[in-house]
Amino acid sequence: MIVKSQELAYGIHQVLTDRIPRLLHGNDGLIFTSAEASYTPGTDRKILKWKPPSENSIDFRLQLRFPPLAHDPSQPDFMAKPAFMLLMNHGREGSHYYDVLEVDDGEWEEMKRGGEQYDDRVVEVTWDKERERWRFMRFRDDKLEGNFKTVVENIIRSIQHGVEAETVSI
């Protein structure tokens, strides 16, 4: 059994530059806990979870919307590139449109060659700050629904107000 090492907050530079690179498993962030606060089950507002904005991801249900056939507008054109709709989980209200997953023509051709079903699956996406669009990371077949709306809202705030590792370790 390996016990995670603990550091005081002023040791963050060492954690980011020395300890994390030597981990035997992946890492996507840090958790800052109070040395004096008692344990709180569920969401503990006294705990600060940090991860770089570029590492934040959201799970959405993906729905493909194909354009209509030119010669029969009542039928979808399954050979055309669809709109990739990201749906957010609203609980009993079902899933509602949140945004689109931008897929360029090259990515679409690669997706078709892969032979995967994309429609009506839960996908994990990240925000590409440079291109200002959602990027597909992977399928989340372990989940039946995407993230609940309040989780999405919290992650969006974290992305918008996030602090990169270079700023944290100063």
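Residues numbered from 1 in each chain as written. Predicted model: local features only at pLDDT ≥ 70, side-chain atom pairs only at ≥ 80, totals over all residues. Heavy atoms only, no water.

J.: How should I be thinking about the sheet that holds strand E6 (residues 121-128) in this particular structure?
T.: Sheet strands pair by backbone hydrogen bonding; their relative direction is either parallel or antiparallel. A sheet is described by the order of its strands in space; here five strands give the open sequence E5-E4-E3-E6-E7, paired in antiparallel fashion. The sheet is open, and its two edges are formed by strand E5 (95-100) and strand E7 (133-139), each paired on a single side. Strand-to-strand, the axes of this sheet are offset by a mean angle of 50°, without reference to chain direction. Relative to E5, strand E4 (residues 83-89) is paired through five bridges, and the arrangement is antiparallel. Each residue of the ladder has a partner; that of methionine 88, found in E5, is histidine 96. Sheet contacts for helix H3 (residues 149-160): strand E3 (57-65), E4, E5, E6 and E7; angle to E3, the most-contacted strand, approximately 115°. (Pairing = 2+ DSSP bridges. Helix = DSSP H or I, 4+ residues; strand = E, 2+ residues; numbered from the N terminus. Axes fitted to C-alpha atoms, helices over the stretch in contact; angles between N-to-C directions. Contact = heavy atoms within 4.5 Å.)

J.: Looking at this structure, I do not really get the packing of aromatic side chains. What am I missing?
T.: Where two aromatic rings form a pair, the distance of their centres and the angle of their planes describe that pair. For the coordinates displayed, the defined rule picks out eight aromatic pairs. An aromatic cluster is built from Phe60, Tyr98, Trp127 and Trp134, whose rings are joined through pairwise contacts. Above the face of the phenylalanine 139 ring, arginine 121 is positioned so that its terminal group lies 3.5 Å from the ring centre. (Phe/Tyr/Trp six-rings, centres within 6.5 Å; stacked < 30°, edge-to-face > 60°. Lys NZ or Arg CZ within 6 Å of the ring centre and 35° of its normal.)

J.: What is the right way to look at the pattern of salt bridges in this model?
T.: Side chains that differ in sign of charge can pair as their charged atoms come close. The full count for this structure, using the stated rule, is 14 salt bridges. Linking lysine 81 and aspartate 105 is a salt bridge whose minimum nitrogen-to-oxygen distance equals 3.0 Å. Remark: aspartate 105 occurs in helix H2 (residues 105-114) and lysine 81 occurs in the loop between E3 and E4; sequence separation between them is 24 residues. Residue classification places aspartate 105 among the exposed residues on the basis of a relative accessible area of 53%. Linked through salt bridges whose partners overlap, the residues forming this network are Asp59, Glu124, Arg138, Arg140, Asp142 and Lys143. (Salt bridge = Lys/Arg side-chain N within 4 Å of Asp/Glu carboxyl O. Buried < 20%, exposed > 50% of the residue type's maximum accessible area, 1.4 Å probe, protein only.)

J.: What is the right way to look at H2 in this model?
T.: Each turn of an α-helix holds 3.6 residues, which means side chains three or four residues apart point in the same direction. Of the positions making up H2, those classed as buried are Glu107, Trp108 and Met111. Mapping the buried residues of H2 onto a view down its axis gives an arc of 100°, with all of them on the same face. The exposed residues of H2 that point more than 90 degrees off its buried face are Asp105, Glu110 and Arg113. On the buried face of H2, the contacting elements are E4 and E7. Residue aspartate 104 occupies the N-cap position of H2, its side-chain oxygen lying 3.1 Å from the main-chain nitrogen of glycine 106. (Arc of directions from axis to C-beta. Polar contact = N/O pair within 3.5 Å; in protein donor to acceptor, adjacent residues only side chain to side chain.)

J.: Any chance you could explain the confidence of the model for the chain here in plain terms?
T.: Low pLDDT means the predicted atomic positions in that stretch should not be read closely. Per-residue confidence for the chain gives a mean pLDDT of 86, with 92% of residues at or over 70. Looking over the chain, one finds the lowest element-wise mean pLDDT in helix H4 (residues 165-168), namely 62, and the highest in E4, namely 97. (pLDDT = per-residue confidence, 0-100.)

J.: Sorry if this is basic, but what is going on with unusual backbone geometry here?
T.: A negative phi angle characterises most non-glycine residues, just as the trans form characterises most peptide bonds. With phi around 65°, aspartate 120 is a residue other than glycine that occupies positive phi space. Considering the arrangement of structural elements, one finds aspartate 120 in the loop between H2 and E6. Relative accessible area serves as the criterion here: at 44%, aspartate 120 is assigned to the partly exposed category. Phi at glutamate 132 is positive, roughly 50°, even though this residue is not glycine. Of note, glutamate 132 is situated in the loop between E6 and E7. Exposure remark for glutamate 132: the relative accessible area of 61% places this residue in the exposed category.

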